[in-house]
Protein chains: 4
Amino acid sequence: MNFASDNVLGASPKVLQALLDANEGSEPAYGVDAHTRRAEEMLAEAFEHEVVVFLVATGTGANALALSALTPPWGAVFCHAESHVLDDECGAPEMFTDGAKLVGIEGAGGKFTPEGLAAALERYPRGVVKAVQPSAVSVSQVTEAGTLYSLAELDAIFAVAKPAGLRVHLDGARFANAMVALGCSAAEMSWKRGVDVVSFGATKNGCLACEAVVFFDKALAENFQYRRKRSGHTVSKGRLLGAQMVGYLSDGHWIDNARHANRMAATLAEGLAAAPGVRLAWPTQANEVFAVLPPAADRALKAAGFRGAPWSSGSLPPGFTIGPDEVFLRFVTSFATRPEHVAGLVEAVRAA
Amino acid sequence: MNFASDNVLGASPKVLQALLDANEGSEPAYGVDAHTRRAEEMLAEAFEHEVVVFLVATGTGANALALSALTPPWGAVFCHAESHVLDDECGAPEMFTDGAKLVGIEGAGGKFTPEGLAAALERYPRGVVKAVQPSAVSVSQVTEAGTLYSLAELDAIFAVAKPAGLRVHLDGARFANAMVALGCSAAEMSWKRGVDVVSFGATKNGCLACEAVVFFDKALAENFQYRRKRSGHTVSKGRLLGAQMVGYLSDGHWIDNARHANRMAATLAEGLAAAPGVRLAWPTQANEVFAVLPPAADRALKAAGFRGAPWSSGSLPPGFTIGPDEVFLRFVTSFATRPEHVAGLVEAVRAA
Amino acid sequence: MNFASDNVLGASPKVLQALLDANEGSEPAYGVDAHTRRAEEMLAEAFEHEVVVFLVATGTGANALALSALTPPWGAVFCHAESHVLDDECGAPEMFTDGAKLVGIEGAGGKFTPEGLAAALERYPRGVVKAVQPSAVSVSQVTEAGTLYSLAELDAIFAVAKPAGLRVHLDGARFANAMVALGCSAAEMSWKRGVDVVSFGATKNGCLACEAVVFFDKALAENFQYRRKRSGHTVSKGRLLGAQMVGYLSDGHWIDNARHANRMAATLAEGLAAAPGVRLAWPTQANEVFAVLPPAADRALKAAGFRGAPWSSGSLPPGFTIGPDEVFLRFVTSFATRPEHVAGLVEAVRAA
Amino acid sequence: MNFASDNVLGASPKVLQALLDANEGSEPAYGVDAHTRRAEEMLAEAFEHEVVVFLVATGTGANALALSALTPPWGAVFCHAESHVLDDECGAPEMFTDGAKLVGIEGAGGKFTPEGLAAALERYPRGVVKAVQPSAVSVSQVTEAGTLYSLAELDAIFAVAKPAGLRVHLDGARFANAMVALGCSAAEMSWKRGVDVVSFGATKNGCLACEAVVFFDKALAENFQYRRKRSGHTVSKGRLLGAQMVGYLSDGHWIDNARHANRMAATLAEGLAAAPGVRLAWPTQANEVFAVLPPAADRALKAAGFRGAPWSSGSLPPGFTIGPDEVFLRFVTSFATRPEHVAGLVEAVRAA
């Protein structure tokens, strides 16, 4: 079983069926088909707010496009020093924003603090012409360390960001996993906190390729259709995206998937933490487990056919070091993870 | 029946089945899955040449990315004055090339001539620092007027382009339709003529969202993986694209689809041309029919449930004018077009 | 004598003296020095309007920066098909606008017409997502053909541009020459017509390197200081630019220079037109003469030490053709042109 | 006396005279005039190497253009976390490189270490598609803290950079001050160490507006003329730049100016360090003094008509803190600083 990521799988059966069901008949192209319209309505319901929605096929596209609506080329976007937008998209945000600067803020456990943001803001004073101008903050929820900002932590960050004139982006590649883990609503994790635009990920949690850029303020989205088109992210047969999103949101499927994945991760974390010589780098709060293993355990799980992703990070807890022989791995669970997979992995490690 | 475009449909049954078949199991993400690998092999077979292939979900993405590999930001890309890259992609090529200039060349029937290219080249002399530098030529095959360059016509254009140091891009959004119509091989319509990179369209001809950027020269593709990633066009669950392309290329499905669509268009063109008061703007060479209709015919076909796309063009044949009451429509046929649709449309027009 | 351009010279004595006078003492850097402040006041006086002014060292910088304030990256800027911004700046406007499209409009004598603009607008309908969006029009005054738009002609163009939502840029590399020739005020040639921003050239008419981007609407200039800085066009020792502009505008120096240059051009045009075998391509309305000469005349003026610039153009008058042996040259006069230079050139041509 | 920067002054008398001497006569435009040609020769002599030189008017232009020749848009440029290119140019490098990422490396005293560079390189592995690709390193000499890298320190950094495939840029806004302080030749501080391109500053050390981008490898400079032109940095009356550089380099003027400025700074540093309650943040190695003063001293020097620039920095020495009442100022000396200015400033501070 491959635990390296939640994108090593295909679509969940419900999403796949939605795609099949939508295949017949003719629909207008370029995102104005009935399936996409329905997806937009369902997202408005899910967020309990009027929304302007743009479906795209990739998370990098969603993030880079979203940020481009929040900053001019001479702007600064504040984010965690290990965030996906900063380090894992080959400069996509810089391309889409025509050269804005992503300012990384260090912070343990994949999270930066209000104080960290305040300090970063001081380096780029508004109105000082040589400095890029503070424009946006991007928060990842789930973070790169598999952790979560509590709603209070988000409030504290936004209490610094908003008076500084920053727009707020939430990178929700694992939005559902975070929401379910926090036990809050989509609204409570977004516009009720002050989020201006969400990259609402659906691919990792059951779709094949579907992400939504969700705006709560129509004005911000004014020219977004041109941005999407000129970046090549307007899919012609829009039903591909619309149908996936409808399937994903129907009957609480997205929530069921996330809840299941989180539970599997909790079980896996518990099992690994109890194994001799195994340590977790961060608490498992959503569907990712970051574990440091003795080499024998690493060999054993490989031999048993399990895969994690080799990891490294600069935001380990203070004092947490990894020995030269130890192996640092990420394990990600998903809608497709079965309890027996988890048990098998834990057993392999324990036996080592 | 909607004849407005070939992207108002879903996937062909064979492509859809391939997608279903590929859904199970885990695969590495980001375009190195087994399905994508197989698609790459099949494209090499189809082109009878070693190729470097990048699958993406949209034609605009494919074109803009392909051009970005052929020109520096201070370069000129020569293309037809009504080409898709110039006028129908909201400036995507300019975004991806970081500001290169697309130089439109006028020409009747959607085609420019070697002489037109030579004249355009004179305006941008190599080494003159104030002039953008001649870098590439982009040829659409099928053209925006539904016409085709003969192989001899391509040779004549490339005989001007190559000595001028231009790289050659072929916008093959309807590659299969063109190839089938010319009765040539993929190789004969591409690298054997001197084409450096093809935007190989599959979406319109049976896929849901799948295009391949096909390079024949490895060196040209050297950094393309970074270009694709930073533009957000690297799909994480790569099987989505790989499986479609495998289904599309298997058992000559792409050729069957194109041949069928072309035949339907020929029948439609014949029927419309014979209808009183109807004129075709250009010969129907692939799967598009451009017809000028009397208003009554337009009303009649709408009443009968048929749709075409309102059209306008600056490359009408000399002397061909459209009266103020006449209606200019494009009709596109596809794998899903049935003879009875065509017959019905023609009948509705004739009856008017 | 070198008549190839008006930038083959140094500064006029008055401008040079102003530079000398400003050299002593300390001044704050980056464009907030006393000289620049004075230049800003003088430009407000010259234009009889509140202005926001940004001095830069080059005309390409001024034009590209000005356009970048008028269009988003997905915008279209309409201009003459042979305009400097389109063809003589190596793609600078594309770089500064992050990829906007410059749409060239053909027109005889370097001028496009309201009808030409209206036709171009039709190709890029507002709100159609595949089309770049109409954003600005750029008019060159003096044109690339050395001709002038009359105030009525400007009115007619802007009467099409303004209702279409276009912002108006005036490329005034030879602003003074045009103004003097039309016998109007700076205000009458700019904001009173509807111009939003002027590239106010001073280099060619007496400065060493000084151009002003002049905004009449503060809101348009809002972020311009960041645009100028991040393009490297904010000179640290700002007095260099401020002092030149002060010297240029003092005591009507700019007007005197332009009047003199225009007079010299008129004399030259008259003389050349009267020479056997010589034809002028366009009327001489400012300080440029475009002449077609027999080869013997070309040889004779070279032998006598005179230089013009070899020329070519696609906007020659209907029916005006240039023989294979004839030589097409541009002659530009300036503040430094002496009557005896003109007489000598004419004499050399006549004698041939 | 204004010690806030070395760009609050005009030109040195010798540079001004060179400008005057070059004003007469006609010269070809756009950087191919005799003065520029002479400047290029003199730079080749100064660097004892064949060079390809591009003169521009601003340091930001020089830096951003230089970097754009060293990195693709998907590249990473490593530099100090407080370097000018990273934080003081409003994103110019991002604009000119079309979105490359500047990766800041922390380090005390304005200098980063080979270990710091090695660690930064690990975050961006070559060939990993999600990571921007390591492309260049930029070293400031003099640094933002007024300190210098020794030649051995440069060697150590480049010993990490070169095997990693990085090109090397040296930001020499105060090149002469650094060279004189190190007692080495221009060659020893550049190509002999492995530097590929230098931003050779002349403005701060005596010119009005003149910087040279100096390449030692012709191939790297191949397309630089187009980069300069399309960024608007090709001055039409090129003599403005050529003449300044000729005056600057003639008779060792640049070295004399730098030596004088450095001496004045050393005297100032000594005087301030000896004043009660005053501390220097970093050693004074070139022409900048960074001092922490008691509030009374700050008031006294202002009252006496002296100005420094308020400063802040994240690279203070470990344990060096600044009290809430203390004032942190930068003082910069130049060719125009007189011993009596220095004595007066020191006296004012001492008396407080």
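Residues numbered from 1 in each chain as written. Chains lettered and ligands numbered in written order. Predicted model: local features only at pLDDT ≥ 70, side-chain atom pairs only at ≥ 80, totals over all residues. Heavy atoms only, no water.

Asker: Teacher, can you tell me more about the overall build of chain A here?
Answerer: Per the secondary structure count, chain A includes 13 helices and 11 strands. Relative to a compact globule of 352 residues, whose C-alpha radius of gyration would be 20 Å, chain A shows 20 Å and is just as compact. Considering only C-alpha atoms, chain A reaches an extent of 60 × 55 × 30 Å along its principal axes. Per-residue burial for chain A yields a buried fraction of 66% across its 352 residues. Residue pairs at least 24 apart in sequence account for 78% of intrachain contacts in chain A once pairs closer than 6 positions are excluded. Of the roughly 11200 Å² of accessible surface on chain A, 53% is carried by carbon and sulfur atoms. The distance from the centre of the 30 positive side-chain charges to the centre of the 37 negative ones in chain A is 2 Å. (Helix = DSSP H or I, 4+ residues; strand = E, 2+ residues; numbered from the N terminus. Rg over C-alpha atoms; globule rule 2.2 N^0.38 Å. Buried < 20%, exposed > 50% of the residue type's maximum accessible area, 1.4 Å probe, protein only. Contact = heavy atoms within 4.5 Å. Areas by Shrake-Rupley, 256 points an atom, 1.4 Å probe, with all protein chains shown as cover. Lys, Arg positive; Asp, Glu negative; His and termini not counted. Charge placed at Lys NZ, Arg CZ, Asp CG, Glu CD.)

Asker: Quick question: what am I supposed to make of the pairing of strand β9 (residues 288-293) of chain D here?
Answerer: For a regular strand, side-chain orientation follows a simple rule: the groups alternate between the two sheet faces. Residue and element names in this part refer to chain D. Counted residue by residue, β9 has 6 buried out of 6 residues, so it is predominantly covered. Residue alternation in β9 divides its side chains into two sets, Glu-288, Phe-290 and Val-292 and Val-289, Ala-291 and Leu-293, and both sets are buried. Inspection of the sheet shows strand β8 (residues 279-280) paired to β9 by 2 bridges, in the antiparallel sense. Its bridge partner being in β9, Leu-280 is matched across the sheet by Ala-291. Here 6 bridges tie β9 to strand β11 (residues 327-332), and the two strands are oriented antiparallel to one another. (Pairing = 2+ DSSP bridges.)

Asker: Even after reading the chapter, I still don't get helix α7 (residues 151-161) of chain B, so can you show me in this structure?
Answerer: Residues and elements named next belong to chain B. Within α7, burial applies to Leu-154, Ile-157, Phe-158 and Ala-161. Take α7 and look down its axis: the buried residues cluster within an arc of 95°, on one side only. Counted as exposed and oriented over 90 degrees from the buried face of α7: Ala-152 and Ala-159. Looking at the buried side of α7, the elements it contacts are α6 (114-122), β4 (133-140) and β5 (167-172). (Arc of directions from axis to C-beta.)

Asker: Can you walk me through the domain arrangement of chain A in this structure?
Answerer: Interface extent is often summarised as the accessible area lost during association of the parts. All names here are of chain A. With domains assigned, chain A is organised as domain 1 (13-253) and domain 2 (254-351). Measuring from the centre of the C-alpha atoms in domain 1 to the corresponding centre in domain 2 gives 27 Å. Taken together, the contact pairs 31 residues of domain 1 with 22 residues of domain 2. Of the roughly 2100 Å² buried where domain 1 meets domain 2, counting both sides, 54% is carbon and sulfur surface. One can count 1 salt bridge joining domain 1 with domain 2. Here Arg-174 ties to Glu-288 by a salt bridge, and the two come within 3.4 Å at their closest N and O atoms. Summed over the shared surface of domain 1 and domain 2, the number is 17 residue pairs in polar contact (both at pLDDT 80 or more). Of all the secondary structure elements, the ones that give two or more residues to the side of domain 1 that touches domain 2 are α8 (175-182) and α10 (239-249). The element best represented in the side of domain 1 that touches domain 2 is α8, accounting for 6 residues. (Domains from an automatic or database assignment. Buried area = accessible area lost by both parts, 1.4 Å probe. Salt bridge = Lys/Arg side-chain N within 4 Å of Asp/Glu carboxyl O. Polar contact = N/O pair within 3.5 Å; in protein donor to acceptor, adjacent residues only side chain to side chain.)

Asker: Please clarify how the relation of the copies chain D and chain C should be interpreted in this entry.
Answerer: Mapping one chain copy onto the other needs a rotation about an axis and a shift along that axis. For these two chains of identical sequence, chain D goes onto chain C by a turn of 180° and a shift of 0.0 Å along the axis, with RMSD 0.0 Å. Those values place the two copies in the arrangement expected of a two-fold rotation axis. For chain D, the minimum C-alpha distance to the rotation axis belongs to Ser231(D) and amounts to 3.6 Å. When the interface residues of chain D are mapped onto chain C, 100% of them again fall at the interface, so both copies present the same face. (Least-squares fit on C-alpha atoms with pLDDT ≥ 70 in both.)

Asker: I'm lost on the packing of helix α11 (residues 253-274) of chain C against helix α13 (residues 339-351) of chain C in this one. Help?
Answerer: All names here are of chain C. Where α11 meets α13, the axes come as close as 9 Å, and the angle between the chain directions of the two elements is 10°. As far as their axial angle goes, α13 and α11 are roughly parallel. Crossing of α11 over α13 shows right-handed handedness. Here Met-264, Thr-267, Leu-268, Gly-271, Leu-272 and Ala-274 of α11 lie close against α13, whose contacting residues are Pro-339, Val-342, Leu-345, Val-346, Val-349 and Arg-350. By residue class, the composition of the contact of α11 with α13 is 9 nonpolar, 2 polar and 1 charged. (Axes fitted to C-alpha atoms, helices over the stretch in contact; angles between N-to-C directions. Parallel < 35°, antiparallel > 145°, perpendicular 65-115°, else oblique. Left-handed = near helix turned anticlockwise from the far one by under 90°. Nonpolar A, V, L, I, M, F, W, Y, C, P; charged D, E, K, R; others polar.)

Asker: Is there a simple way to think about the sheet that holds strand β10 (residues 309-310) of chain D in this case?
Answerer: Hydrogen bonding along the main chain pairs the strands of a sheet, whether they run parallel or antiparallel. Residue and element names in this part refer to chain D. Ordered in space as β8-β9-β11-β10, the 4 strands form an open sheet in which the pairing is antiparallel. Each edge of the open sheet is held by one strand with a lone partner, namely β8 and β10. Across the face of the sheet, helix α11 (residues 253-274) comes into contact with β8, β9 and β11 while running at roughly 15° to β9.

Asker: Looking at this structure, how should I read helix α3 (residues 59-68) of chain D?
Answerer: Residues that lie three or four places apart on an α-helix share one face, since the helix turns once every 3.6 residues. Residue and element names in this part refer to chain D. For α3, the buried fraction is high: 9 of the 10 residues fall into the buried class. Here α3 has its buried residues at Thr-60, Gly-61, Ala-62, Asn-63, Ala-64, Leu-65, Ala-66, Leu-67 and Ser-68. A side-chain oxygen of the first residue of α3 lies 2.9 Å from the backbone nitrogen of Gly-61; this N-cap is Thr-58.

Asker: Explain the relation of the copies chain B and chain D here, please?
Answerer: Mapping chain B onto chain D calls for a screw motion: a turn of 180° about the axis and a shift of 0.0 Å along it, with 0.0 Å RMSD after fitting. Most of the interface of chain B is mirrored in chain D, where 100% of its interface residues are also at the interface.

Asker: Hey, could you run me through the sheet that holds strand β6 (residues 197-201) of chain D in this one?
Answerer: Residues and elements named next belong to chain D. Pairing is mixed across the open sheet formed by 7 strands, whose spatial order is β1-β7-β6-β5-β4-β2-β3. Edge strands, defined here as strands with exactly one partner in the open sheet, are β1 (52-56) and β3 (101-105). Averaged over all pairs of adjacent strands, the angle between strand axes in this sheet comes to 20°, irrespective of strand direction.

Asker: Help me understand the UniProt feature "domain: Aromatic amino acid beta-eliminating lyase/threonine aldolase" (unreviewed entry) in chain A, please; the structure alone is not making it clear to me.
Answerer: Listed under "domain: Aromatic amino acid beta-eliminating lyase/threonine aldolase" (unreviewed entry) in the UniProt record, and renumbered for this structure, are residues 3-290 of chain A. Here residues 3-290 of chain A is 38% helix and 16% strand, with 11 Å between the C-alpha atoms at its ends. (UniProt positions renumbered as here; feature names shortened; annotations may be inferred.)

Asker: Where do I start with the side chain of Asn287(B) in this structure?
Answerer: All names here are of chain B. Mapped onto the elements of the fold, Asn-287 is located in the loop between β8 (279-280) and β9 (288-293). Engagement of the side chain of Asn-287 in a polar contact is seen with the side chain of Asp-6, the distance being 3.1 Å. If sequence neighbours within four positions are ignored, Asn-287 has contacts with Asp-6, Arg-174, Asn-177, Ala-261, Asn-262, Ala-265, Phe-331, Val-332 and Thr-333.

Asker: Help me out: how do you make sense of the interface of chain B and chain D in this one?
Answerer: Contacts between the two partners involve 16 residues from chain B and, on the opposite side, 16 residues from chain D. Surface buried jointly by chain B and chain D totals about 1500 Å² across both partners, of which 65% is contributed by carbon and sulfur atoms. The three residues of chain B that bury the most area against chain D are Trp74(B), Val129(B) and Tyr226(B), which together make up 46% of that side's buried surface. Counting the contacts that link chain B with chain D gives 0 salt bridges. Counting across the interface, chain B meets chain D through 8 residue pairs in polar contact (both at pLDDT 80 or more). Here the side of chain B that touches chain D takes 5 residues from helix α9 (residues 224-230) of chain B, the largest share from any one element. The residue makeup of the side of chain B that touches chain D, split by class, is 6 nonpolar, 5 polar and 5 charged.

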